[in-house]
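Results of the structural survey
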Amino acid sequence: MEASTILNQEEESQEPGEAGQPWEEMAAASSRDQEPKLPEPMESEPGPETEPQPRSSLPGSPRSRASTPAGDLTTFGASLPGASPQDPLPSPPLELPKLDLVPPWPSDKLTSAIPDAETTRSDHVEHTTDDEESTPHPTSQLEGNALQQSQQSKPHLPQPGHVTSNHSQQKELRVGLFLEEDWGSNEDPDQVEPEVSEAAPNMLEIAVQNAKAYLLQTSSKSSLNLYDHLSDMLTKVLDERPENAVEIIESISQDVKKAHFSKKLDTLQNENEMLPAYELAEKQKALFLQGNLEEADQDLEDEIAENCLPNVMESAFYFEQAGVCLGTDATYRIFLALKQLTDTHPIHKCRFWGKILGLEMNYLVAEVEFREGEDEEEGEEEDVADEKANGESEVDEDEEDELPKPFYKAPQAVPKEESRTGANKYVYFVCSEPGRPWIKLPSVTPVQIVVARKIKKFFTGRLDAPVISYPPFPGNESNYLRAQIARISAGTHVSPLGFYQFGEEEGEEEEEVEGGRESFEENPDFEGIPVIDLVESLSNWVHHVQHILPQGRCNWFNPVQKSEEEEEEEDEEKEEEKAEEHDYIEQEVGPPLLTPISEDLEIRNVPPWTTRLSSNLIPQYAIAVLRSNLWPGAYAFSNGKKFENIYIGWGHKYSPDNYTPPAPPPVYEEYPSGPEITEMDDPSVEEEQSFRAAQAAAVLEAEQDEETEDEDEDD
Amino acid sequence: MDSESLLLSLELASGSGQGLSPDRRASLLTSLMLVKRDYRYERVLFWGRILGLVGDYYIAQGLSEDQLAPRKTLYSLNCIEWSLLPPATEEMLLQTSMVNGRFMGDPSHEYEHTELQKVTEADKAFEEEVVVKEETRLVSVVDQIDKAVAMVPRGALFKTPLGPTHVNRTFEGLSLSEAKKLGSYFHFKEATELKNKTLLEKADLDPSLDFMDSLEYDIPKGSWSIQMERGNALVVLRSLLWPGLTFFHAPYTKNYGYIYVGTGEKNIDLPFML
């Protein structure tokens, strides 16, 4: 069979299949059925072609074959590794469409069996030319003398190939290799063919040479030539042995081409591209190393004693049961970053608040309470702003009195709450990735909260980005972020009923009337609530963060009082006006601290909270999970004794209606209408004439009066 | 995300914070395997989770050989038993366009809304109570999200001359510079905008790879947020139009996928928020 295959190869339509055959034989790994030695009956040839056999069956042996110098088909045969000539090489993927290259071999009987197979095959592959076949010289391990015989019978045929093949010797051309083998093997059994082959070797030689020369032409665009490319590609295919290689052959071809060019630029590109990843890894490595400071055991003890670091991993475990997770290693890194925060700042209590997603970067937020007396406050800026506003109103007074004075008075800025109270109870730190430095967010002012309620903007991820909106937000993204954090905390931080209780020290009831109790402490006698109860009834959960009033503060601030203090700077007129106004301002009241969340308002038939058991399959160990519908992304869990809140989301409230920006306010009437500034119509012609007539009449009268007076005097 | 690489995909997509609890994960792995066998799908994708008030819907999609053929959608309430959803029709989309608000979580829940219909001949306006089942709403929402934001990276699928689209086995991931561009990602559906491209643009396209619409021309512009996480080792795209859709891809590797975990409502306020 091999002989026939060889013959076929020589023919124009020689298909790789046949080429494959010897290959297969040589392939120790070939999965085909074992076959006796090479010389097989020709009839069996068609068989092999039809049998599909992956090229992959060819072992590395062809490679070794390639390395030997061209020339010797006999060696080819001889060196065939013990692989039993397996038989039917299935129509091997190697298509050697020598269709165009070699004139059809006269041995029709051989070809008839195979022509179809070959032609089809030729569609696929890159053309490996006869040259290639001849190239792999013969390292070959063609077994069997039969091969040798066949080889000898057609020595000249391969020769032209050999000649040119020397050129490509350097490459490992398996294809060529096995083609040669085929030739060798094919020749053997066939008796007719040798004759034919000898008959037109010259034509074939020339054709082969031409074909090879054509294939070796260097492309005008690159330094490749088709011959080398095809051989590279086939080498790669044979190395990797993908399944159904014919389907992906184009991609393989592209990959080979790419491989040529990237060699020189490799190191440069790779370094640049991955740089940020390496930087981040370095920073994060620093996180891991911080624990290795050799500051003595004392520090260790201190650390353990005053541990204000929350057990983030434990909370993360519970949240994962609820379906909220940031990835285990990401959470661990957050844990380490929090530790870094607590080590560098004097912190009394710390908690991982959550993650706010942004357009370009995200924010990891930590909620922190400083130790007593160790605050770093920057509240002076706000006061300066207030004074400026007052200063402007004074300037108006100094101008000439003739100008009408505007009525408009900027509404009194509501002062922000003191730190540690109300909305500023905790201080928040943000960072974009664990390992990056933590940045402290400024305190929130009531006006920021009021405006934040009216706008809805995505966070970009950069703290200094301006927030462009209507109504204009007083501040940049860090202020907006802080305002949203305050709103979210006030709206969604809940705990099981009884976990916190009011301290018993408060005897001042006045405070209650005004702002409600502010402080609470953990209840040491808290016994836990069964998880089922937590899930079934919302009244078992309470808010432990003060509600923010419409004014923007938690504790009502009466702007009237403050204005009375500032009366010194203002005119009496204004005093009176203010006195009138304060009657209309009513105290704003919100739900007191520790109200159960069953009192929360519904959002248009949607309950504000959704409760779930974390797992229905194993309810004994399940935990209660609370999901907020008002602030999508806010979760709370409790296993009866422990609880935790977290927020992971975009930072916006849910509203069933579409957002509409508020309309601009009506135009103020700045000046009082009066005759001085009221426009009057120009008089019409009749009016003017009658006016003139009246004037003339008056003048006449006056003259007459004078004349009479003169006359009188004369008398 | 492919059910074959579910665990890895969930880990990579966890940056948005929405994941699955361990028991759901375990149930998914088993049940999706069975779904694949029973329905004879070539690939099963875990599409995501729609959060309802009472219960959540877990959605999966099955693909046949041709990746662009209409996908079959299945839903489950407990990740164990899956039911096939009917394909979305125009009529369904029309009906559900009037329904707003959260999903209940109960597939037989019915939304009622009244429609005013004027019969011009008789000049009478009468109200009609239209009832829409939640299942229908689910079908149309999943379909809308699919058409709007389901995506694949360029090169992950390729089209053969015979017609069907296949998974590209030689896809080795986008390079870093490509990964940062919106134009390297395509909508996972039949192309609708391709013919509108100029001839110059069309000349540069590779017909076997560029046969879907890219994300570049999505309206409104800026409705995608591209971020690199873990340094440059992971690119995450989040849709702002349908908040909750996260697409992840690790450059230079074959890992990519998308998952939707959200309330199933479109973010119509997007232009105000950008």
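So, here's what we can say about the structure. No experiment lies behind these values; they were computed from the predicted model shown.

Looking only at helices and strands, chain A features 26 helices and 12 strands. Residue burial in chain A is summarised as follows: out of 715 residues, 48% are buried. Surface summary for chain A: the accessible area is close to 36,600 Å², and the carbon and sulfur share equals 51%.

On to the nonpolar core, then. Of all hydrophobic cores here, the largest spans 55 residues; its most connected members are A:Leu338 and B:Phe46. Take this core: its biggest share by element is 6 residues, from helix H18 (residues 328-344) of chain A. What B:Phe46 contacts, discounting residues up to four positions off in sequence, is B:Met1, B:Leu6, B:Leu20, B:Leu28, B:Leu32, B:Tyr58, B:Ile59, B:Ala60, B:Tyr258 and B:Ile259.

A separate point is the side chain of B:Thr165. Within the secondary structure, B:Thr165 sits in strand E9 (residues 165-167). If we ignore the near neighbours within four places in the chain, the residues touching B:Thr165 are B:Glu65, B:Asp66, B:Gln67, B:Leu68, B:Leu157, B:Phe158, B:Lys159 and B:Phe211.

Glancing now at unusual backbone geometry. The residue after A:Tyr470, namely A:Pro471, is reached through a cis peptide bond having omega -5°. Position of A:Pro471 relative to the elements: it lies in the loop between helix H20 (446-454) and helix H21 (477-492). In the Ramachandran plot, A:Asn244 falls in the positive-phi region, its phi being about 50° despite a non-glycine side chain. Under the relative-accessibility criterion, A:Asn244 is labelled exposed at 52%. Phi is positive for B:Arg40, which is not a glycine, with a value near 60°. Inspection of the secondary structure puts B:Arg40 in the loop between helix H2 (22-39) and strand E1 (43-51).

Quick look at helix H17 (residues 312-322) of chain A now. Those residues of H17(A) not exposed but buried are A:Val312, A:Ser315, A:Ala316, A:Tyr318, A:Phe319, A:Glu320 and A:Ala322. Note on H17(A): the residue one or two positions beyond its end, A:Gly323, has a positive phi of about 95°.

The subject of this paragraph is the interface of chain B and chain A. Of the residues lining the interface, 47 residues belong to chain B; the matching set on chain A comes to 49 residues. Summing both sides of the interface, chain B and chain A together bury roughly 3,900 Å²; the carbon and sulfur share of this comes to 49%. Of all residues in chain B, B:Arg169, B:Phe272 and B:Met273 give up the largest surface area on contact with chain A, accounting jointly for 15% of the area buried on that side. If you look at where chain B meets chain A, you find 4 salt bridges. Taken together, the connections running from chain B to chain A amount to 22 residue pairs in polar contact (both at pLDDT 80 or more). For the side of chain B that touches chain A, the secondary structure elements donating two or more residues are H2, E1, helix H5 (176-179), strand E11 (224-229), strand E12 (234-239) and helix H7 (270-273) of chain B. If one sorts the elements of the side of chain B that touches chain A by residue count, E11(B) sits on top with 5 residues.

So, how was this worked out
Counting restarts for each chain, with residues numbered from 1 along the sequence as it is written. Chains and ligands are labelled sequentially in the order written, the chains with letters from A and the ligands with numbers from 1. It should be noted that, the model being predicted, local features are given only for residues of pLDDT at least 70 and side-chain atom pairs only at 80 or more, the latter also being counted only at that level, while totals for whole chains, interfaces and linings use all residues. Side-chain metrics rest on all non-hydrogen atoms present in the structure, leaving aside hydrogens and water. Helix and strand definitions here come from DSSP, where helices need a minimum of 4 consecutive H or I residues and strands a minimum of 2 consecutive E residues; each element is numbered from the N-terminal end. Each residue is placed in one exposure class: buried if its accessible area under a 1.4 Å probe, protein chains only, is under 20% of its type's maximum, exposed if it is over 50%, and partly exposed if it falls in between. Per-residue and other accessible areas follow the Shrake-Rupley method at a 1.4 Å probe size, with only the shown protein chains counted as cover for residues. To qualify as a nonpolar core, a set must consist of buried Ala, Val, Leu, Ile, Met, Phe, Trp, Tyr and Cys residues joined through side-chain atoms within 4.5 Å. Contacts are residue-level and defined by heavy atoms, with any inter-residue pair within 4.5 Å sufficient. Joining two parts hides part of their accessible area as seen by a 1.4 Å probe, and the buried area is that hidden amount summed over both. Salt bridges, as used here, are contacts in which a Lys or Arg side-chain nitrogen is within 4 Å of a carboxyl oxygen on Asp or Glu. In protein, a polar contact requires one atom able to donate a hydrogen and another able to accept it; more generally it is a pair of N or O atoms within 3.5 Å, and residues adjacent in sequence count only if both atoms are side-chain atoms.

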